[in-house]
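# Reading the structure
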Amino acid sequence: MNRKRVVVTGMGIVASNATGLEDFKNAIKDGKSGIKFLPELQKLNFGCQIGGIPNFSNSKYIDILEKYHFENAGQNVKYSCLAAAEAWIDAGLTIPDPINSETDYDTGVIIGSGVGNIDVFTDKIYPIVSQGSVRKLRSHTAEFTMFSAASANIALILGCGNHISSNSSACSTGAESIILGVERIRNGLAKRMIVGSTEIASPYVWGAFDSMRVLCRDYNDTPERASRPMSASAAGFVPSAGAGVLILEDMESALERKARIYAEISGVALNSGGQRKDGTMQAPGTEGVRRCLRQSIEDAGINAGQIDYICGHLSSTMADVLEINNWAAVLNRYGNDFPYINSLKSITGHALGASGTIETIAAIIQMYYGFLFPSLNCEDVHNKINDLINPDKIVRKTIYTKNINFVAKASFGFGDINASLILKKI
Amino acid sequence: MFEKILKIIEKYTFNKDLVKNAKPESRIIADLNINSTRIVDIILDVEEEFNIEVEDTMLEKLVTVGDLQKYVESKIS
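Residues numbered from 1 in each chain as written. Chains lettered and ligands numbered in written order. Predicted model: local features only at pLDDT ≥ 70, side-chain atom pairs only at ≥ 80, totals over all residues. Heavy atoms only, no water.

## Description of the overall build of chain A
When you go through chain A residue by residue, the secondary structure sums to 15 helices and 14 strands. For chain A, the C-alpha radius of gyration of 20 Å lies close to 22 Å, the compact-globule estimate for 426 residues. Along the longest, intermediate and shortest principal axes, the C-alpha atoms of chain A span 60 × 55 × 40 Å. Burial status across chain A gives 60% buried among its 426 residues. In chain A, 79% of the contacts between residues at least 6 apart in sequence involve partners at least 24 apart. Here chain A has roughly 16,400 Å² of accessible surface; of this, 49% comes from carbon and sulfur atoms. Averaging the locations of the 41 positively and 42 negatively charged side chains of chain A gives two centres separated by 1 Å. (Helix = DSSP H or I, 4+ residues; strand = E, 2+ residues; numbered from the N terminus. Rg over C-alpha atoms; globule rule 2.2 N^0.38 Å. Buried < 20%, exposed > 50% of the residue type's maximum accessible area, 1.4 Å probe, protein only. Contact = heavy atoms within 4.5 Å. Areas by Shrake-Rupley, 256 points an atom, 1.4 Å probe, with all protein chains shown as cover. Lys, Arg positive; Asp, Glu negative; His and termini not counted. Charge placed at Lys NZ, Arg CZ, Asp CG, Glu CD.)

Encoded structure:
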């Protein structure tokens, strides 16, 4: 069977620097940071006292939270349902009436997360159960704590009847959710897949990384300067939160209903380095990463020279140098031949499991609207990166260009897990 | 009292009209289309609204809106 082509017809976003596609597009174009000082982290004696927390109060879809009784839901359900509603409408589809509508068996939902709905446990369940008041837990507690809470509640709103599930693979979760959706549509098992990922802001999640000393501690007084991918003075990642949701669609179905097509997802690959050789639980192994990147390019049926731009994982740690090295080696493109590259984490911080979809949305926006956003705080490019590529290939001021036809986007997660996507302009 | 109870029940359905037109003999789950798991929430809301405690054994016995109303009246009288 010939595999189906998969396109993106809708997107929705709740990010630390903007909520809603239009605001997000303008925010990334202007390099508007979402990183702020967080007094709560200072009070709790964190080394890193900054982070990115979305403000979704201005979402056009905020009424959904009341209509579906999500007041007591955790951040993941709220972020992802707002992003999914935006993506669904953006795709030219209609949110059905909850009473008088049929099940949509053609559409599935896979919304992943790195850590899940921890805030519901810490903020609601723990205090009530610890006081011996378990009977006061509400009936919705289970539906907001199950790992698939985001997917199940989006399916509730839209009446989706295809594959409804939730994936988790640390910081590669977002890219993985897209790949799972692509595979289902390619195989003819769904016409549409609502895919994405979401992550909460919580000291109980971020604490684990702070204790590992992998969060940035050197810029608490200047939060916007803290996330510094590819810089010699990068000092750890800056945690953030949010959700990105994409509507993936069988190209025939999209063309039939004359939908606007943002991009095709033409190549995908997933693997793990197996935590062998230089790969560990925390560090992506060279062999696995290169194999994954290469496979996604082969899957797209293009050659490495056709990639115009890389939307990097680049989290402002020492792994940035390794990532550039891997890209250059796989593409066999160095110096001035290297594609343009930037890091959204310099603007939004690192939204862990949500980062892959938020960054893929940023990548698609740039290709579709013809610009590349500035990678912030990279005035002092790392020497080892300078040795590999022309530093002018790091976008540091907004570039306006229509010549972005193929984008490579990869994400790497704890567990030595890799996910890579090739996006094609249509 | 009846209206206050309906206002609580209304929170748990998309079909507001069904609840607005409810009568004392309307069955909360079967007639008003309330998801059966939400009975727990309705009881907790009733406890807070009328400052009473509903015995767990009553959950299955409070079938209609009228049953609930009579039970609350007996507790606060």
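From this point, the discussion proceeds with the structure in view.
## Thoughts on the overall build of chain B
Check the secondary structure of chain B and you find four helices and zero strands. N-terminal to C-terminal, the α/β element order of chain B is α-α-α-α. Taken against the 2.2 N^0.38 rule, which gives 11 Å for 77 residues, the C-alpha radius of gyration of chain B at 11 Å falls within 12% of a compact globule. For chain B, the spread of C-alpha atoms along the three principal axes comes to 30 × 20 × 20 Å. A fraction of 48% describes how many contacts in chain B between residues 6 or more apart in sequence connect residues 24 or more apart.

## A short note on the packing of aromatic side chains
All names here are of chain A. Taken as a whole, this structure holds eight aromatic pairs over all chains when the rule is applied. Taken together, a centroid distance of 6.0 Å and an interplanar angle of 75° make the contact between Phe-70 and Phe-144 edge-to-face. Here the residue Phe-70 occupies a position in the loop between α3 (63-67) and α4 (75-90), and Phe-144 occupies one in helix α6 (residues 141-145), the gap between them amounting to 74 residues. Phe-144 shares its class with Phe-70; the two are buried. Just above the ring of Phe-371 sits the side chain of Lys-29; from NZ or CZ to the centre is 5.2 Å. Lying across the ring of Tyr-340, Lys-393 places its NZ or CZ 4.8 Å from the centre. (Phe/Tyr/Trp six-rings, centres within 6.5 Å; stacked < 30°, edge-to-face > 60°. Lys NZ or Arg CZ within 6 Å of the ring centre and 35° of its normal.)

## Observations concerning the nonpolar core
Residue and element names in this part refer to chain A. Core analysis: the largest hydrophobic core is formed by 55 residues, its most contacted members being Phe-70, Ile-154 and Ile-194. Looking at this core, the element that brings in the most residues is α4, giving nine residues. If near-sequence neighbours (up to four positions away) are discounted, Phe-70 is found in contact with Ile-64, Leu-65, Val-77, Lys-78, Cys-81, Phe-144, Asn-153 and Ile-157. (Core = buried A, V, L, I, M, F, W, Y, C linked by side-chain atoms within 4.5 Å.)

## Regarding the pattern of salt bridges
The tally for this structure, following the rule as stated, stands at 26 salt bridges over all chains. Here Arg-260 of chain A and Asp-90 of chain A are joined by a salt bridge, their closest N and O atoms 2.8 Å apart. Linking Arg-260 of chain A in the loop between α10 (251-256) and β8 (263-272) with Asp-90 of chain A in helix α4, this pair joins segments that are 170 residues apart in sequence. You can call Arg-260 of chain A partly exposed: its relative accessible area is 29%. Salt-bridge contacts for Asp-210 of chain A lead to Arg-217 of chain A; the nearest nitrogen and oxygen are separated by 3.6 Å. Because the salt bridges share partners, they merge into one network encompassing Arg-138 of chain A together with Lys-11, Asp-41, Asp-45 and Glu-48 of chain B. (Salt bridge = Lys/Arg side-chain N within 4 Å of Asp/Glu carboxyl O.)

## Considerations on the interface of chain A and chain B
Of the residues lining the interface, 12 residues belong to chain A; the matching set on chain B comes to 15 residues. Both sides of the chain A and chain B interface together cover about 1,100 Å² of buried area, and 47% of this is carbon and sulfur. A per-residue breakdown of the area chain A buries against chain B is headed by Arg-135, Arg-138 and Ser-139 of chain A, which together make up 55% of the total. Put simply, Asp-45 of chain B and Arg-138 of chain A hold a salt bridge, and the shortest N to O gap is 2.7 Å. Between the two partners, chain A and chain B, sit 10 residue pairs in polar contact (both at pLDDT 80 or more). For the side of chain A that touches chain B, the residue count by class is four nonpolar, three polar and five charged. (Buried area = accessible area lost by both parts, 1.4 Å probe. Polar contact = N/O pair within 3.5 Å; in protein donor to acceptor, adjacent residues only side chain to side chain. Nonpolar A, V, L, I, M, F, W, Y, C, P; charged D, E, K, R; others polar.)

## Brief notes about the pairing of β8 of chain A
All names here are of chain A. Here β8 lies mainly inside the structure; eight of its 10 residues are buried. Across two bridges, the pairing between strand β1 (residues 6-14) and β8 is antiparallel. Across the sheet, Val-8 pairs through a bridge with Ala-263, a residue of β8. Bridge analysis of β8 against strand β14 (residues 417-424) gives eight bridges, and the strand direction is antiparallel. Paired with Val-268 across the bridge in β14 is Leu-421. (Pairing = 2+ DSSP bridges.)

## Side note on the sheet that holds β14 of chain A
The strands that make up a sheet pair up through hydrogen bonds in the backbone, lying either parallel or antiparallel. Residue and element names in this part refer to chain A. What the 10 strands build is an open sheet, ordered β5-β4-β6-β7-β1-β8-β14-β13-β9-β10; its pairing is mixed. The sheet terminates laterally at β5 (164-165) and β10 (340-342), the two strands that pair on one side only. Sitting on the sheet, α4 touches β1, β4 (107-112), β6 (192-199) and β7 (242-250), and the angle it makes with β1 is about 135°. Seen against the sheet, helix α7 (residues 149-158) touches β4, β5 and β6 and runs at an angle of roughly 150° to β4. (Axes fitted to C-alpha atoms, helices over the stretch in contact; angles between N-to-C directions.)

## Digging into a nonpolar patch on the surface
Judged by side-chain polarity, Ile-99 and Leu-156 of chain A together with Phe-14 of chain B come together as a nonpolar surface patch covering roughly 240 Å² of accessible area. Inspection of the secondary structure assignment puts Ile-99 of chain A in the loop between α4 and β4. (Patch = residues over 30% accessible without salt bridge, like charges linked within 9 Å, V, L, I, M, F, W, Y side chains within 5 Å.)

## As for helix α1 (residues 2-10) of chain B
Residues and elements named next belong to chain B. Every buried residue of α1 is accounted for by Phe-2, Ile-5, Leu-6, Ile-8 and Ile-9. With its buried residues spanning 160° around the axis, α1 presents them on a single face. Seen from the open side of α1, the exposed residues pointing more than 90 degrees away from its buried face are Glu-3 and Lys-7. On its buried face, α1 sits against α2 (16-20), α3 (39-50) and α4 (65-76). (Arc of directions from axis to C-beta.)

## A few points about the confidence of the model for chain B
Looking at chain B, the pLDDT average stands at 94 and 100% of residues meet or exceed 70. Two numbers describe this predicted complex: its pTM, 0.97, and its ipTM, 0.90. (pLDDT = per-residue confidence, 0-100.)

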